[in-house]
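Here is what each chain is made of, one letter per residue.
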Number of protein chains: 2
Amino acid sequence: MSTRRATISDVAREAGVSASTASVVFSGKTPTSEATRARVIAAAEKLGYTGPDPRAASLRRGRSGIVGVVFDQHLGTAFLDPVTTHMMDGLADGVSRLGAALLLLRDDGHTVSEPSLHTAPIDAAVLIGCSPRMRDSLEIVRARGIPVVVIEGDAGEGIPRVLLDNTEAQRQAAQHLADLGHADVVIVTLPIDIDRRRGWIPDDAEARVDVTADRLAGARQVFSHAPALAAATSSIDEGAIAGRTIFADPARRPTAVIAQSDLLAAGVVRAAEEAGLQVPRDVSVTGFDGVVVDGLAPHVLTTLVQPATAKGRAAGEAVAAMLEDATPAGLDLTCTFRAGTTTAPPRST
Amino acid sequence: MSTRRATISDVAREAGVSASTASVVFSGKTPTSEATRARVIAAAEKLGYTGPDPRAASLRRGRSGIVGVVFDQHLGTAFLDPVTTHMMDGLADGVSRLGAALLLLRDDGHTVSEPSLHTAPIDAAVLIGCSPRMRDSLEIVRARGIPVVVIEGDAGEGIPRVLLDNTEAQRQAAQHLADLGHADVVIVTLPIDIDRRRGWIPDDAEARVDVTADRLAGARQVFSHAPALAAATSSIDEGAIAGRTIFADPARRPTAVIAQSDLLAAGVVRAAEEAGLQVPRDVSVTGFDGVVVDGLAPHVLTTLVQPATAKGRAAGEAVAAMLEDATPAGLDLTCTFRAGTTTAPPRST
DNA sequence: TTGTAGGCGTTATCAG
DNA sequence: CTGATAACGCCTACAA
């Protein structure tokens, strides 16, 4: 079996037809007589031909049937977040109508190894995340002339992006707390920039990550002077770390914490309980995302439910549309406020 | 801009060199004079040429730089399991030395939509999971003559696969319980077949999923008559469902439960506590995987720690090796027993 | 160091 | 319904 793989011409020859006819038999793009069809199939079987080489086909067609999904962090880290997971599901759905599969790409700037944005045979790209580095990825993809959709990202003019009403949604949660009577509030944010450094955000600092900035703005519309503490990533552990910082000094405990994600909120709840505080009696906590957080029972987070799967699907359908020269639509999605059991009026002193 | 994209020959012409020279400049496979190099780069810039078309390059090279990862379930579902997540990380690592990226493929048998195993431009494939359906995927890939590695799967002869010492590891956990004095034990298993049906497994039934069968066998080496209850998937919720079944009848409660995954174990612990039992005083619970389970605090599961990331990396390196005509090695991995706080001697009656 | 030649395997087009 | 032809864009011996 040291002979080279059979090609469609081999099959055609074996079947006594032309290569183009054999091609048509496999693609089904043009009617063929039952007889030739059968002969071609038989020949293919005999030669062990398993169908057109996708590489050649994609060169000829100018399409590879692959959509790149670009992350700005370790895949494992990215997938730790249920929101991402759901989004991927939606994305897979969205592009499937295009008959495409998803290629996982990580743009970590290193660019040392080759499987990069520069060289991947993708028909379109979906950029996920919001780090400033995304701008670079965007540049690369655009230079290649590849249609691109950004999810929750800091895109430039003319780049379709799937957006959430982060600011307005977060404002609702803040307003909910205000309505309950809270005034002393601390905000736990997602990373504010690519360094993902933890810590209190100075007043003059600007979050360079859109989601973070938008949600922060929403909260500040209600609590304009609330201090904000940045987490290094969206996870329960990070939330707990932030929470411990917040609850460390009994004299300076806020009556409510606005966390920018459910995972962070869960961590804050945990830290509160570690500190001997009861949620929501002693402190109220709100999240963001509306995902199921394991280990939070019996609490039900007061949160903003975001349509994660829909987000992915919207992006998928958008690239599908762009590949068909249509204008993508329906990219603005809305979060829904959900009152849970983690918020209550502040304890009267 | 209605003109077609520039090709390497355009660039070459613009730079006043031959196409092959331009090619070499981009690939760097052959030394070029600094002068030509500069001219080519300049020409490329001028024409907006962003590098060789990957489709053409991969046809010519016979390589696409893409490794397919085949799942047998919804991506979202698959990624819900931290073990999978870590494995993907390792996999990404493993293939990166090959300069490859990962293509997510779902083999759901439907085969209705096209982005399938049949047509994806992949250089190699990694099959994940253990459902009988994997056999079909395997067949397809092998027919295409693509190197393939199976992780924890039910492969045939001659297919390299990454394996855990599931049976032996699970036996250790069982032995640990036996040593503590337990005799009345129930096993909570992963799905036993593709239907993922919950329920008690009849004695004459055979688990058709390798992992499940192997771990079950390991437990039965010590507790040969322990009843086994199948879960529908590996999750905390499923574990809790199983746990409720097990602890429903106070008269028939076991003194220990062997769960085939940490997530299931966490669910069992939760169910036990719901039933008013204390872990490990009233009931001991062991898991499998060694992942961090949120929400289990303050318990630390007694479990078998499996090298999840290493598993992925091993698979990645194996396909890399196969693509270089080498023989993959180091595919047998070992779990490590970790004693936690969820096991103790049975309460003396 | 650079150029020439030939082909990687397929499919779109168009004529028969 | 079938066949001839001509790219698709690039790469790699090999020769100069």
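Keep in mind the model is a prediction, meaning the values are calculated, not measured. (Residues numbered from 1 in each chain as written. Chains lettered and ligands numbered in written order. Predicted model: local features only at pLDDT ≥ 70, side-chain atom pairs only at ≥ 80, totals over all residues. Heavy atoms only, no water.)

1. Examining the protein's contact with DNA strand C
So, point 1. In the region of DNA strand C, 22 residues are neighbours, and Ile8(A), Tyr49(A), Arg60(A), Ser20(B) and Arg60(B) sit closest.
So, point 2. Each atom of DNA strand C within 4 Å of the protein was assigned to sugar, phosphate or base; sugar and phosphate come to 66%.
So, point 3. Between a phosphate oxygen of DNA strand C and a side-chain N or O atom of Ser23(A), the distance comes to 2.8 Å.
So, point 4. Ser20(B) is positioned such that a nitrogen or oxygen atom in its side chain is 3.1 Å from a base oxygen of DNA strand C.
So, point 5. Of all elements in the fold, only α2 (19-27) and α4 (54-61) of chain A together with α2 (19-27) and α4 (54-61) of chain B reach the threshold of two or more residues within the surface near DNA strand C. (Near = heavy atom within 4 Å. Polar contact = N/O pair within 3.5 Å; in protein donor to acceptor, adjacent residues only side chain to side chain. Helix = DSSP H or I, 4+ residues; strand = E, 2+ residues; numbered from the N terminus.)

2. Observations regarding the packing of helix α8 (residues 166-180) of chain B against helix α9 (residues 210-222) of chain B
When two helices pack together, their arrangement is given by the angle between their axes and by how far apart the axes lie.
All names here are of chain B.
So, point 1. Relative to each other, α8 and α9 sit at 35°, their axes nearing to 7 Å. Here α8 runs over α9; the crossing is right-handed. The residues of α9 that touch α8, namely those facing Asn 166, Thr 167, Gln 170, Arg 171, Ala 174, Gln 175 and Ala 178, are Val 211, Asp 214, Arg 215, Ala 217, Gly 218, Ala 219, Gln 221 and Val 222.
So, point 2. A per-class count over the contact of α8 with α9 returns six nonpolar, six polar and three charged. (Axes fitted to C-alpha atoms, helices over the stretch in contact; angles between N-to-C directions. Left-handed = near helix turned anticlockwise from the far one by under 90°. Contact = heavy atoms within 4.5 Å. Nonpolar A, V, L, I, M, F, W, Y, C, P; charged D, E, K, R; others polar.)

3. A word on the packing of aromatic side chains
So, point 1. Evaluation of the coordinates by the stated rule reveals five aromatic pairs over all chains.
So, point 2. A ring pair is formed by Phe71(A) and Phe79(A), whose centres lie 5.6 Å apart and whose planes are at 65°; its orientation type is edge-to-face. Neither Phe71(A) nor Phe79(A) differs from the other in exposure class; each is buried.
So, point 3. Taken together, the aromatic side chains of Phe71(A), Phe79(A), Phe71(B) and Phe79(B) make up a single cluster linked through ring pairs.
So, point 4. A cation over an aromatic ring shows up here: Arg215(A) above the ring of Phe288(A), its NZ or CZ 3.7 Å from the ring centre. (Phe/Tyr/Trp six-rings, centres within 6.5 Å; stacked < 30°, edge-to-face > 60°. Buried < 20%, exposed > 50% of the residue type's maximum accessible area, 1.4 Å probe, protein only. Lys NZ or Arg CZ within 6 Å of the ring centre and 35° of its normal.)

4. Some remarks on the protein's contact with DNA strand D
So, point 1. Near DNA strand D there are 22 residues, and of these Thr21(A), Pro31(A), Ile8(B), Tyr49(B) and Arg60(B) occur at the shortest range.
So, point 2. Each atom of DNA strand D within 4 Å of the protein was classed as base or backbone; sugar and phosphate made up 68%.
So, point 3. Here a base nitrogen of DNA strand D and a side-chain polar atom of Ser20(A) are 3.1 Å apart.
So, point 4. Within the backbone of Ile8(B), one N or O atom sits 2.5 Å away from a phosphate oxygen of DNA strand D.
So, point 5. Those elements giving two or more residues to the surface near DNA strand D turn out to be α2 and α4 of chain A together with α2 and α4 of chain B.
So, point 6. The dominant element in the surface near DNA strand D, judged by the number of residues it contributes, is α4(B), at four residues.
So, point 7. A per-class count over the surface near DNA strand D returns eight nonpolar, ten polar and four charged.

5. A closer look at the relation of the copies chain B and chain A
So, point 1. Placing chain B over chain A gives an RMSD of 0.3 Å and needs a rotation angle of 180°, together with 0.2 Å of translation along the axis. What the rotation and shift describe, once combined, is the action of a two-fold rotation axis.
So, point 2. When the interface residues of chain B are mapped onto chain A, 100% of them again lie at the interface, so the same face is used by both copies. (Least-squares fit on C-alpha atoms with pLDDT ≥ 70 in both.)

6. Thoughts on the pairing of strand β3 (residues 124-128) of chain B
Residues and elements named next belong to chain B.
So, point 1. Burial runs high along β3: five of the five residues are buried.
So, point 2. Residue alternation in β3 divides its side chains into two sets, Ala 124, Val 126 and Ile 128 and Ala 125 and Leu 127, and both sets are buried.
So, point 3. Sheet topology places strand β1 (residues 66-71) next to β3; four bridges connect them, and they run parallel. Looking across to β3, one finds that Val 67 is bridged to Ala 124.
So, point 4. Two strands pair when backbone bridges link them, and β3 and strand β4 (residues 148-151) are joined in this way by four bridges, in the parallel orientation. Along β4, the bridge assignment pairs Leu 127 with Val 150. (Pairing = 2+ DSSP bridges.)

7. Here we look at the interface of chain B and chain A
So, point 1. Contact with chain B, which involves 43 residues of that partner, is made by 43 residues of chain A.
So, point 2. At the boundary of chain B with chain A, total buried surface from both sides reaches about 3,600 Å², with 64% on carbon and sulfur atoms.
So, point 3. On inspection of chain B and its partner chain A, the count reaches two salt bridges.
So, point 4. A salt bridge links Arg55(A) to Asp123(B); the shortest N-O distance between them is 3.5 Å.
So, point 5. At the boundary of chain B and chain A, one finds eight residue pairs in polar contact (both at pLDDT 80 or more).
So, point 6. Going through the elements one at a time, α4, α5 (75-79), α6 (82-96) and β2 (101-106) of chain B are the ones with two or more residues in the side of chain B that touches chain A.
So, point 7. The residue makeup of the side of chain B that touches chain A, split by class, is 21 nonpolar, 14 polar and eight charged.
So, point 8. Looking at chain direction, strand β2 (residues 101-106) of chain A and β2(B) are connected through three bridges and run antiparallel. (Buried area = accessible area lost by both parts, 1.4 Å probe. Salt bridge = Lys/Arg side-chain N within 4 Å of Asp/Glu carboxyl O.)

8. Focus on the side chain of Glu152(A)
So, point 1. With respect to the helices and strands, Glu152(A) occurs in the loop between β4 (148-151) and β5 (161-164).
So, point 2. Within the structure, Glu152(A) has its side chain in polar contact with the side chain of Lys311(A) (distance 3.4 Å).

9. Quick look at the environment of Pro54(B)
So, point 1. Among the secondary structure elements, Pro54(B) is positioned in helix α4.
So, point 2. C-alpha of Pro54(B) to C-alpha of Gln306(B): the two residues are 252 residues apart in sequence and 38 Å apart in space.
So, point 3. Apart from the residues lying within four places of it in its own chain, the contact partners of Pro54(B) are Thr119(A), Ala120(A), Pro121(A) and Arg144(A).

10. Examining the sheet that holds strand β10 (residues 284-286) of chain B
Residues and elements named next belong to chain B.
So, point 1. Strand order in the open sheet formed by five strands is β7-β8-β6-β9-β10, with mixed pairing between adjacent strands. Looking along the sheet, the strands with just one partner apiece sit at the ends: β7 (199-200) and β10.
So, point 2. By the bridge criterion, two bridges tie β7 to strand β8 (residues 228-230) in an arrangement that is antiparallel. Across the sheet, Gly 199 pairs through a bridge with Ala 230, a residue of β8.
So, point 3. Contacting β6 (185-189), β9 (256-259) and β10, helix α11 (residues 262-274) runs over the sheet at an angle of about 165° to β10.

11. So, helix α6 (residues 82-96) of chain A
Residues and elements named next belong to chain A.
So, point 1. Its 15 residues give α6 an end-to-end C-alpha distance of 21 Å, which sits within 8% of 21 Å, the value for a rise of 1.5 Å per residue.
So, point 2. Of all 15 residues making up α6, twelve are buried, and the element is well covered by its neighbours.
So, point 3. Where α6 starts, the residue carrying a side-chain oxygen 2.9 Å from the main-chain nitrogen of Val 83 turns out to be Asp 81. (Expected span 1.5 Å × (residues − 1).)

12. Thoughts on the sheet that holds strand β8 (residues 228-230) of chain A
Residue and element names in this part refer to chain A.
So, point 1. Taken together, the five strands give an open sheet; going across it, the order is β7-β8-β6-β9-β10, and neighbouring strands pair in mixed fashion. A single partner strand is all that each edge strand has here, and the edge strands are β7 (199-200) and β10 (284-286).
So, point 2. Its contacts with the sheet place helix α8 (residues 166-180) against β9 (256-259) and β10, and it is angled at close to 170° to β9.

The values reported here are purely geometric and, on their own, carry no functional implication.
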